[in-house]
Amino acid sequence: MLSLSAARTPAASAAKLSRVPSAALHQKTTSAAYFSQKVQLNSLRSSCRAIKSMADSQTISSPKNEQQSPASGKKQALISLSDKKDLAFLGTGLQQLGYTIVSTGGTASALEGSGVSVTKVEQLTHFPEMLDGRVKTLHPNIHGGILARRDQKHHMEALSEHGIGSFEVVVVNLYPFYDKVTSTGDIEFEDGIENIDIGGPAMIRAAAKNHKDVLIVVDTEDYPGLLEFLKGDQDDQQFRRKLAWKAFQHCASYDSAVSEWLWKQTTGDKFPPRFTVPLELKSSLRYGENPHQNAAFYVDKSISEVNAGGIATAIQHHGKEMSYNNYLDADAAWNCVSEFQNPTCVIVKHTNPCGVASRGDILEAYRLAVKADPTSAFGGIVAFNIEVDEVLAKEIREFRSPTDGETRMFYEIVVAPKYTKKGLEILRGKSKTLRILEAKSNEKGKLSLRQVGGGWLAQDSDDLTPQDIQFKVVSDKSPAESELHDAEFAWLCVKHVKSNAIVIAKNNCMLGMGSGQPNRLESLRISMRKAGDEVKGAALASDAFFPFAWNDAVEEACEAGIGVIAEPGGSIRDKDAIECCNKYGVSLLFTNVRHFRH
């Protein structure tokens, strides 16, 4: 669970002080204040007796001897569930262990239907379920039985005085709020509100707080472990603490969903002053970026991520378990290839695309993507934005490296939106270790989070495509239609390359790229070296403006034969870049959009 908040204001700090537990202030309490509290307490007790007297006159009642007192020695389990999976197994198991089962509404009916004897909550509270089900278990006869400390004599005397039985086991899960608000079709606001559980979290938190004496279970997977624990008649505090941790985590995740949904119903602002990201462990990883680092992979369970695509929810059809670096590289490849509308292949190494090609024939696109940098492509991640069929799968399996024409290309991962049955079968035969992923494209408009020491950075995802911007001609020469298409293709590629980034492309194929260099000139030289003779007439895209033109990157690109340059513009020396391109007869396009990638 990741909880993020804006900086605390002085007023918030003051509010925090106002919530200091009374125990912390007890020493400062005067005798007069104590006398006042005592009078108020006696008054409260008188009021409670009056309320109890009124309750006894209600239609639902039971003889007092039916209530379980602490002295009776009977063990009680309280069960109230929305998800009734394995309920019969749990109820039968507890009954066989001698527990009296207390339950609510639908849970009680389901237990009785399974042949389990049940005491209904109303028999203990002397109150019917009321306010359309909003109030069922919010009663001292329930919470007193959960919260009483068995090692505190006055707690147990209070239970005895009021005829309240203690609970040794509490099993609760909550209204399906998350499922309701993420189901297909819009949910009415009032319907969402009514699916916010109140009594459930109260019981869970009470039992978890008193976990030394009360076992709290919120996960059906823990039913067998609970029964085994009870059969052993053991007192393992670590087991109890683990269940209590899971209970508080369950409530925290639940509350985060309610908070996220309600914030969107209120303002819709993407950057609230405080928010929580619920993370769920998907797998432990062998190690992190390096073998000496431990690691794990978590799935974001935020409402905004439901059916929103991405590598985290990809299906793995084959191969070794994913590693930390595999996830990073697969994410980079998938995000890049998903940007393109035409059939496209992207090959990534260390999160940078080293080969990108779009063609009507996906086989040709694959070959061209490998050809762009076969040395880097070997051992990389290959991604497609269309189905992998039998023919493409055979090409992936058998294709030889262009460097020697003999070595079969090796990949860590293949990722695509879907596979034919035969295509999947052929890819599985390429290698036992090849990871085959089926993924759904990321939705646009997601919030991007990134950690820094002691904090997190949040921003909109970079979703712009060439169709969203204008390529403004600022040079004397205007690009031909084919050159403009090349510039758009290069620009779409460069947004996925680490800064400083330069991409050279032609005919919907990346010819060379320079990435991650501290200066733009060096990135340019790397990209031109990779493009070789094909640089002539090609398009060049830069992720940011050129700070210098003459005797620098712009002039070197022009001298090498680049036909068109696309860059954001915005430098104090933009005029130099324009004049340089005019001198060499090169088209220069300003996009007014920067694509830094750190």
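Residues numbered from 1 in each chain as written. Predicted model: local features only at pLDDT ≥ 70, side-chain atom pairs only at ≥ 80, totals over all residues. Heavy atoms only, no water.

Looking now at the overall build of the protein. Across its full length, the protein holds 21 helices and 23 strands. By residue count, 43% of the 598 residues in the protein fall in the buried class. Looking at the protein alone, contacts between residues at least 24 apart form 63% of all its contacts between residues at least 6 apart. Total accessible area on the protein is roughly 30900 Å²; 51% of this is exposed by carbon and sulfur atoms. (Helix = DSSP H or I, 4+ residues; strand = E, 2+ residues; numbered from the N terminus. Buried < 20%, exposed > 50% of the residue type's maximum accessible area, 1.4 Å probe, protein only. Contact = heavy atoms within 4.5 Å. Areas by Shrake-Rupley, 256 points an atom, 1.4 Å probe, with all protein chains shown as cover.)

Along helix H11 (residues 223-231), the residues classified as buried are Tyr223, Leu226, Leu227, Phe229 and Leu230. End-on, the buried residues of H11 take up no more than an arc of 160 degrees, which puts them together on one face. Away from its buried face by more than 90 degrees, H11 exposes Glu228 and Lys231. On its buried face, H11 sits against helix H3 (87-96), strand S3 (99-103), strand S5 (169-172), strand S6 (215-217) and helix H12 (237-266). One or two positions beyond H11, positive phi appears at aspartate 233, with a value near 50 degrees. (Arc of directions from axis to C-beta.)

To continue, consider the packing of aromatic side chains. Overall, the coordinates contain 8 aromatic pairs when judged by the stated rule. A centroid spacing of 5.9 Å and a plane angle of 50 degrees characterise the contact between phenylalanine 378 and phenylalanine 410, whose relative ring orientation is tilted. Placement of phenylalanine 378 in the loop between helix H15 (374-377) and strand S13 (380-384) and of phenylalanine 410 in the loop between helix H16 (390-398) and strand S14 (411-416) is noted, with a sequence separation of 32 residues between them. Every member of this aromatic cluster is reached through a ring pair, and the members are Tyr366, Phe384, Phe399 and Tyr411. (Phe/Tyr/Trp six-rings, centres within 6.5 Å; stacked < 30°, edge-to-face > 60°.)

This next bit is on the sheet that holds S5. Strand order in the open sheet formed by 5 strands is S4-S3-S2-S5-S6, with parallel pairing between adjacent strands. A single partner strand is all that each edge strand has here, and the edge strands are strand S4 (119-120) and S6. Of the strand pairs in this sheet, S5 and S6 are connected by 3 bridges, and their pairing is parallel. Residue pairing for S6: valine 170 is matched across the bridge by isoleucine 216. Its contacts with the sheet place helix H4 (residues 105-113) against strand S2 (75-80), S3 and S4, and it is angled at close to 135 degrees to S3. (Pairing = 2+ DSSP bridges. Axes fitted to C-alpha atoms, helices over the stretch in contact; angles between N-to-C directions.)

Once that is clear, we can look at the packing of helix H6 (residues 140-147) against helix H10 (residues 199-209). Orientation of H6 relative to H10, taken along the N-to-C sense of each, is 25 degrees, at an axis distance of 8 Å. When the interaxial angle is binned, H6 and H10 end up roughly parallel. For the pair H6 and H10, the sense of crossing is right-handed. Contacts between H6 and H10 pair Ile142, His143, Ile146 and Leu147 from the former with Ala202, Met203, Ala206 and Ala207 from the latter. (Parallel < 35°, antiparallel > 145°, perpendicular 65-115°, else oblique. Left-handed = near helix turned anticlockwise from the far one by under 90°.)

A few words on the packing of H3 against H11. With their axes 10 Å apart at the nearest point, H3 and H11 run at an angle of 5 degrees to one another. Put simply, H3 runs roughly parallel to H11. Contacts from Phe89, Leu90, Gly93 and Leu94 in H3 reach Tyr223, Pro224, Leu226, Leu227 and Leu230 in H11. Residue composition of the contact of H3 with H11, grouped by class: 8 nonpolar, 1 polar and no charged. (Nonpolar A, V, L, I, M, F, W, Y, C, P; charged D, E, K, R; others polar.)

Quick look at a nonpolar patch on the surface now. On the surface, a cluster of nonpolar side chains totalling about 270 Å² of accessible area is made up of Leu279, Leu281 and Tyr298. Looking at where tyrosine 298 falls in the secondary structure, it is placed in strand S9 (residues 295-300). (Patch = residues over 30% accessible without salt bridge, like charges linked within 9 Å, V, L, I, M, F, W, Y side chains within 5 Å. Salt bridge = Lys/Arg side-chain N within 4 Å of Asp/Glu carboxyl O.)

This part is about the sheet that holds strand S12 (residues 352-358). The strand order across the open sheet formed by 6 strands is S10-S15-S14-S13-S11-S12, and the pairing between neighbours is mixed. The open sheet terminates on both sides in strands that have one partner only, identified here as strand S10 (315-318) and S12. The average undirected angle you get between the axes of adjacent strands in this sheet is 20 degrees. When S10 meets strand S15 (residues 435-438), the two strands line up antiparallel, connected through 3 bridges. By the bridge assignment, isoleucine 315 is partnered in S15 with glutamate 438. With respect to the sheet, helix H14 (residues 362-372) is in contact with strand S11 (344-349), S12, S13 and S14, its orientation differing from that of S12 by roughly 145 degrees.

Before going further, it helps to examine the nonpolar core. What tends to happen in soluble globular proteins is that the nonpolar side chains get buried as a cluster. Among the nonpolar cores identified, the biggest contains 54 residues, and Tyr366, Phe384 and Ile565 are the most heavily contacted of them. Broken down by element, the residue count for this core peaks at 7 residues, all from H14. Counting residues in hydrophobic clusters, the runner-up holds 45 residues, among them Ala295, Ile469, Val564 and Val593. (Core = buried A, V, L, I, M, F, W, Y, C linked by side-chain atoms within 4.5 Å.)

The computed volume of the second largest pocket comes to approximately 1000 Å³. Looking at the second largest pocket, it is lined by 27 residues, and the ones nearest its centre are His250, Ser253, Tyr254, Glu280 and Lys301. Elements with a minimum of two residues in the lining of the second largest pocket: helix H8 (177-182), H12 and strand S8 (279-285). It is H12 that provides the largest number of residues to the lining of the second largest pocket, a total of 8 residues. (1 Å grid on protein atoms, 1.4 Å probe; cavity = no way out; pocket = protein on both sides within 12 Å on 5 of 7 lines; lining within 4 Å. Points joined across faces, edges and corners; volume = space filled by probe spheres on them.)

Let's shift gears to a negative patch on the surface. Residues Asp186, Glu188, Glu190 and Asp191 make up a contiguous surface patch of negative charge. Exposure remark for aspartate 191: the relative accessible area of 34% places this residue in the partly exposed category. (Lys, Arg positive; Asp, Glu negative; His and termini not counted. Charge placed at Lys NZ, Arg CZ, Asp CG, Glu CD.)

Compared with the 44 Å implied by 1.5 Å per residue over 30 residues, the 43 Å span of H12 between its first and last C-alpha is a close match. Looking only at H12, the buried set comprises Arg240, Leu243, Ala244, Ala247, Cys251, Tyr254, Ser256, Ala257, Val258, Glu260 and Trp261. Regarding H12, its N-cap is aspartate 236, as a side-chain oxygen of that residue lies 3.0 Å from the backbone nitrogen of glutamine 238 further along. (Expected span 1.5 Å × (residues − 1). Polar contact = N/O pair within 3.5 Å; in protein donor to acceptor, adjacent residues only side chain to side chain.)

Remember that the coordinates give geometry; whether it matters functionally is a separate question.
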